[in-house]
Amino acid sequence: MASPSVTPSGSSSLHTSEEHSPHNLIDSRKRKRMISNRESARRSRMRKQKHMDDLTAQVTNLRAENNHILTNINLATHLYWNMESENSVLRAQISELNNRLQALNDIINCLSLKDNIAPGFEIEGYGDYYDQMMIGGVDDDILTSWSLVHVNQPIMASSDVFMAAVAFGAAEKLKGDIKI
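Remember, it's a predicted structure, so these values are computed and weren't measured experimentally. (Residues numbered from 1 in each chain as written. Predicted model: local features only at pLDDT ≥ 70, side-chain atom pairs only at ≥ 80, totals over all residues. Heavy atoms only, no water.)

Draft legend 1. How the structure looks around the overall build of the chain. Of the regular secondary structure elements, the chain holds four helices and four strands. For the chain, the N- to C-terminal ordering of α and β elements is β-β-α-α-β-β-α-α. Across the 180 residues that make up the chain, the buried fraction comes to 8%. Within the chain, counting contacts between residues at least 6 apart in sequence, those at least 24 apart form 58% of the total. Taken as a whole, the chain presents about 14700 Å² of accessible surface, with 60% of it coming from carbon and sulfur. (Helix = DSSP H or I, 4+ residues; strand = E, 2+ residues; numbered from the N terminus. Buried < 20%, exposed > 50% of the residue type's maximum accessible area, 1.4 Å probe, protein only. Contact = heavy atoms within 4.5 Å. Areas by Shrake-Rupley, 256 points an atom, 1.4 Å probe, with all protein chains shown as cover.)

Shown next, in the form of structure tokens:
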């Protein structure tokens, strides 16, 4: 029971089992598959774009973290060289103070030997003054004159002197070690 119908081209066709013919079924499957493929491609492009956005955000975060770490390294390096400079100054001061102490001990030993070798020896013109000035076997005038040279002289080591030489060498080394 077919009913005639008119197509846009003006010809008539019968609505029968032609719509369900194998050719129309294949076309319908092709259209569904094409629509499905287009949707799948769109989802794939969206996933790819989201992945690219995530990677871009990760790159930005890693660069910021890298800059923060480099800043911390530079600060720590600067503090290290300051401490190294101060340590060098302190070592120089220790050395100078040890030399002063040794000189004072040598003077004390020399005076102690003089008293042991010639206990009755008196310095002409001083009389009892020499005996009165002896404190613990050491003459205050002698120690005062010797110690004035050292006590009033500042220790010449300075952090600026060490810092200039050390910082220049360290900066050159750091430029070669750190890759940005």
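Draft legend 2. A look at the pattern of salt bridges. Enumeration over the complete set of coordinates arrives at five salt bridges. Salt-bridge contacts for Glu 39 lead to Arg 42; the nearest nitrogen and oxygen are separated by 2.3 Å. Of this pair, Glu 39 and Arg 42 both sit in helix H1 (residues 22-117), three residues apart, roughly one helical turn. Note on Arg 42: relative accessible area 37%, which makes it partly exposed. The salt bridge involving Glu 96 is made with Arg 100; its shortest N-O contact spans 3.2 Å. Separated by four residues within a single helix, Glu 96 and Arg 100 lie in helix H1, roughly one turn from each other. (Salt bridge = Lys/Arg side-chain N within 4 Å of Asp/Glu carboxyl O.)

Draft legend 3. Region of the structure containing the packing of aromatic side chains. The tally for this structure, following the rule as stated, stands at one aromatic pair. Aromatic side chains Tyr 80 and Trp 81 sit 4.9 Å apart centroid to centroid with 70° between the ring planes, which places their arrangement in the edge-to-face category. The partly exposed category is assigned to Trp 81, whose relative accessible area is 23%. (Phe/Tyr/Trp six-rings, centres within 6.5 Å; stacked < 30°, edge-to-face > 60°.)

Keep in mind these values describe shape, not function.
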